[in-house]
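This is what each chain is made of:
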Amino acid sequence: MYSLVRKALFQFSPEISHEISMDSLDALYHLGILGMVSPAPISAPKTIMGISFPNSVGLAAGLDKNGEHIGALSALGFGFIEVGTVTPRPQPGNPKPRLFRLPQANAIINRMGFNNGGVEEAVERLKKNKGVLIGGNIGKNKVTPNEEAVNDYLICFEGLYPYVDYFTVNVSSPNTPGLRALQDRGPLTEILNALLNKRKSLIDAGQKKLPVFLKIA
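Given the structure is predicted, the values throughout are model-derived calculations rather than measurements. (Residues numbered from 1 in each chain as written. Predicted model: local features only at pLDDT ≥ 70, side-chain atom pairs only at ≥ 80, totals over all residues. Heavy atoms only, no water.)

Focus: the sheet that holds strand 8 (residues 166-170)
Two strands in a sheet stick together by hydrogen bonds in their backbones, pointing the same way (parallel) or opposite ways (antiparallel).
Argument step 1. Pairing in this open sheet of 5 strands is parallel, and the strands run 3-4-7-8-9 from one edge to the other. Each end of this open sheet is capped by a strand with a single partner; those strands are strand 3 (58-59) and strand 9 (212-215).
Argument step 2. Looking at chain direction, strand 7 (residues 134-138) and strand 8 are connected through 4 bridges and run parallel. If you follow Gly135 over to strand 8, its bridge partner there is Tyr166.
Argument step 3. Here helix 7 (residues 185-204) sits on the sheet in contact with strand 7, strand 8 and strand 9, set at roughly 160 degrees to strand 9. (Pairing = 2+ DSSP bridges. Helix = DSSP H or I, 4+ residues; strand = E, 2+ residues; numbered from the N terminus. Contact = heavy atoms within 4.5 Å. Axes fitted to C-alpha atoms, helices over the stretch in contact; angles between N-to-C directions.)

Quick look at the structure:
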């Protein structure tokens, strides 16, 4: 079955194949079939930074950027799902083609460029989440100058805060021009201090304390 499906999907571009695959997973999930054909989720709890993960295998950011497929993906047994990278405003990402197959290595190279629907769209979807442990991977818009990047991270942080279980601050992508310059001590310190100060104010206002992770190159 897998070889037939793989052969059919290879008739389309990688990005179209991705969309077909995710839509098909959603259809199987809503029909109640996905849970019947997937292995039972592994229960191997692990607590890190105060979060009790059902198991250690999570889905990294990039596959479900907008939180559109959380139910279907969780039915596959992932212990957590990281959505994003989310930016304040919607952006289309880099021009196509931007996803490339390497069949000889069973691999894919992507140069997507933070294509996503923006923080408001992500929030609306995450409001419907039914208990899946979620990480929020946040970044800046391509058109935002690095000198103003801290504001983009704060917008995403504050918007997603009630709907995620942890944050990942993404300053590692090579596909957003100049982003990796934010890994330098000065700008990175500014961003992290701003986020931790915002977290303190949210905690003081009655919200829970969320861990903040850093993704670097």
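The discussion continues.
Some points on helix 5 (residues 119-126)
Argument step 1. Considered for burial, the residues of helix 5 that qualify are Val119, Ala122, Val123 and Leu126. All buried residues of helix 5 fall inside an arc of 100 degrees around its axis, so they share one side. (Buried < 20%, exposed > 50% of the residue type's maximum accessible area, 1.4 Å probe, protein only. Arc of directions from axis to C-beta.)

Some details on the packing of helix 6 (residues 149-160) against helix 7
Argument step 1. At a minimum axis separation of 10 Å, helix 6 and helix 7 run at an interaxial angle of 30 degrees. One element, helix 6, and the other, helix 7, form an angle in the roughly parallel class. Pair helix 6 / helix 7 crosses with right-handed handedness. Together, Val150, Tyr153, Leu154, Phe157 and Glu158 of helix 6 and Glu190, Ile191, Ala194, Leu195, Lys198, Arg199 and Leu202 of helix 7 make up the contact between the two elements.
Argument step 2. When its residues are assigned to classes, the contact of helix 6 with helix 7 shows 8 nonpolar, no polar and 4 charged. (Parallel < 35°, antiparallel > 145°, perpendicular 65-115°, else oblique. Left-handed = near helix turned anticlockwise from the far one by under 90°. Nonpolar A, V, L, I, M, F, W, Y, C, P; charged D, E, K, R; others polar.)

Remarks on the packing of helix 5 against helix 6
Helices that pack against each other are described as a pair by the angle of their axes relative to one another and the distance between those axes.
Argument step 1. One can describe the packing of helix 5 onto helix 6 by two numbers: an axis separation of 10 Å at closest approach and a directional angle of 15 degrees. As the angle between them shows, helix 5 and helix 6 are arranged roughly parallel. In terms of crossing hand, the pair formed by helix 5 and helix 6 is right-handed. Contact residues: Val119, Ala122, Val123 and Leu126 in helix 5; Ile155, Cys156, Gly159 and Leu160 in helix 6.
Argument step 2. Class assignment for the residues of the contact of helix 5 with helix 6 results in 7 nonpolar, 1 polar and no charged.

Side note on the environment of Ala72
Argument step 1. Within the secondary structure, Ala72 sits in helix 4 (residues 70-74).
Argument step 2. When near neighbours in sequence (up to four residues on either side) are disregarded, Ala72 contacts Leu25, Asp26, Tyr29 and Leu34.

Some details on the pairing of strand 6 (residues 107-110)
Argument step 1. Relative to strand 6, strand 5 (residues 99-102) runs antiparallel, the two being bridged by 4 bridges. Along strand 6, the bridge assignment pairs Phe100 with Ile109.
Argument step 2. Hairpin connection between strand 5 and strand 6: a loop of 4 residues separates the two successive antiparallel strands, and Asn106 in this loop has a positive phi of roughly 50 degrees.

A short note on the nonpolar core
Argument step 1. Grouped together as the largest cluster of nonpolar side chains are 39 residues, with contacts concentrated most on Ile81, Ile134, Ile138, Tyr153, Phe157, Leu160 and Phe167.
Argument step 2. Only helix 2 (14-30), helix 4, strand 4 (80-86), helix 5, strand 7, helix 6, strand 8 and helix 7 provide two or more residues apiece to this core.
Argument step 3. The element that contributes the greatest number of residues to this core is helix 6, accounting for 6 residues.
Argument step 4. By size, the runner-up hydrophobic cluster in this structure holds 5 residues, among which are Ile51, Phe53, Phe80 and Tyr166. (Core = buried A, V, L, I, M, F, W, Y, C linked by side-chain atoms within 4.5 Å.)

Side note on the pattern of salt bridges
Argument step 1. Within this structure, the stated rule accounts for 7 salt bridges.
Argument step 2. Here Glu68 and Arg125 are joined by a salt bridge, their closest N and O atoms 3.6 Å apart. Taken together, the positions of Glu68 in the loop between strand 3 and helix 4 and Arg125 in helix 5 put the pair 57 residues apart, joining distant regions of the chain.
Argument step 3. Glu68 sits in the partly exposed class, given a relative accessible area of 40%.
Argument step 4. A residue is classified by how much of its surface remains accessible, and Arg125, at 27% relative accessible area, is partly exposed.
Argument step 5. One salt bridge in this structure joins Lys208 and Asp165, with 3.7 Å as the shortest N-O distance. One end of the pair, Lys208, is in the loop between helix 7 and strand 9; the other, Asp165, is in the loop between helix 6 and strand 8, and 43 residues separate them in sequence. (Salt bridge = Lys/Arg side-chain N within 4 Å of Asp/Glu carboxyl O.)

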